[in-house]
Amino acid sequence: MTTPARRRAVEGLEAVAGGVAGALLGFFLTVSIFVAKARAGVYIYSFDDVTAFRWEMAPTFIGLLLGATLASGRLKAFLRGVALAVGAGLAAVPFGWFLGPWLQDGRSAAWAWAVLAAAVGLLAGLATAIVRGYPLEGGRA
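Residues numbered from 1 in each chain as written. Predicted model: local features only at pLDDT ≥ 70, side-chain atom pairs only at ≥ 80, totals over all residues. Heavy atoms only, no water.

Caption draft 1: Summary view of the pattern of salt bridges. Throughout the structure, instances matching the rule amount to four salt bridges. Between E14 and R7 there is a salt bridge, with the nearest N and O atoms lying 3.8 Å from each other. When the shortest N-O distance is used, the salt bridge between R54 and E56 registers 3.1 Å. A relative accessible area of 22% means that R54 is categorised as partly exposed. Several salt bridges converge on common partners, so that one network encompasses R7, E11 and E14. (Salt bridge = Lys/Arg side-chain N within 4 Å of Asp/Glu carboxyl O. Buried < 20%, exposed > 50% of the residue type's maximum accessible area, 1.4 Å probe, protein only.)

Encoded structure:
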C-alpha cells in the first residue's frame, strides 16, 4: 500500500514525463508549421525569428500543459495514446515522401511533404487516442 505522500510524488513524476512527451509532440507540430510556411514562401531569416514568441509556438506549450495534465495518475494509458499518435505519424511519412514531388516542385518537396504528412498522421493518431479514451480511461479493448 502506498502512502499519500508517495502517491503524490509518483503523480508528480508522471506529470513531468507527460509534459515532456506532450512538449516533444507539440514541438514537432511547431516545426511542421514552419515547414508548411516555408513551402508557401514564408521563411525564417534569423535565430531571432525562431526564439521570438509567436503563435506557431502554441502547440509546444499546449502539448506541455495537456501532457502534464493527462499523464498525472495515468501514465501508462497516456503513453499508449502517445505511441498510437507517433505510430500514425510515422506511418504517414512514406505517403508524403512519395507524393511531395508530385504536389510541388523543388528538391525539398519530398522531405517537406513527409514532415507535413507526419504532422497530419500525428494529429489523426492523437484524435484516435482521445476518441478511444486512452489518455482518460486507459482505452477500450
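Let's pick the thread back up.
Caption draft 2: How the structure looks around the packing of helix α1 (residues 4-39) against helix α5 (residues 109-132). Interaxial distance between α1 and α5 falls to 9 Å at its minimum, and their mutual angle equals 140°. Considered as vectors, α1 and α5 are oriented oblique to each other. By crossing handedness, the relation of α1 to α5 is classed as left-handed. Across from L25, F28, L29, S32, V35, A36 and R39 in α1, the residues of α5 making contact are A109, W111, A112, W113, V115, L116, A118, A119, L122, L123 and L126. Its residues assigned to classes, the contact of α1 with α5 shows 16 nonpolar, one polar and one charged. (Axes fitted to C-alpha atoms, helices over the stretch in contact; angles between N-to-C directions. Helix = DSSP H or I, 4+ residues; strand = E, 2+ residues; numbered from the N terminus. Parallel < 35°, antiparallel > 145°, perpendicular 65-115°, else oblique. Left-handed = near helix turned anticlockwise from the far one by under 90°. Contact = heavy atoms within 4.5 Å. Nonpolar A, V, L, I, M, F, W, Y, C, P; charged D, E, K, R; others polar.)

Caption draft 3: Region of the structure containing the layout of surface pockets. There is about 360 Å³ of room inside the largest pocket. Residue contributions to the lining of the largest pocket peak at six residues, all from helix α3 (residues 58-71). Residues of the lining of the largest pocket, tallied by class, amount to 13 nonpolar, five polar and no charged. (1 Å grid on protein atoms, 1.4 Å probe; cavity = no way out; pocket = protein on both sides within 12 Å on 5 of 7 lines; lining within 4 Å. Points joined across faces, edges and corners; volume = space filled by probe spheres on them.)

Caption draft 4: Highlighting α3. The end-to-end C-alpha distance of α3 is 19 Å, a good match for the 20 Å that 14 residues give at a rise of 1.5 Å each. Those residues of α3 that sit buried are P59, T60, G63, G67, L70 and A71. Along α3, the residues classed as buried sweep out an arc of 115° about the axis, all on the same side. Those residues of α3 that are exposed and aimed more than 90 degrees away from the buried face are L65 and T69. Looking at the residues trailing α3, positive phi occurs at G73, about 90°. (Expected span 1.5 Å × (residues − 1). Arc of directions from axis to C-beta.)

Caption draft 5: Highlighting the nonpolar core. In this structure, A21, L25, L29, L70, A71, L75, F78, V82, A85, A119 and L122 together form the largest nonpolar core, which totals eleven residues. Listing elements by their share of this core, those giving two or more residues are α1, α3, α4 (75-103) and α5. Top element by residues in this core is α4. It accounts for four residues. Residues within four places of A119 in sequence aside, it is in contact with F28, L29 and S32. (Core = buried A, V, L, I, M, F, W, Y, C linked by side-chain atoms within 4.5 Å.)

Caption draft 6: Local environment of the environment of V16. Its location among the elements puts V16 in helix α1. Residue classification places V16 among the exposed residues on the basis of a relative accessible area of 53%. Remark: the alpha-carbon pair of V16 and L65, spanning 49 residues in sequence, is separated by 9.9 Å.

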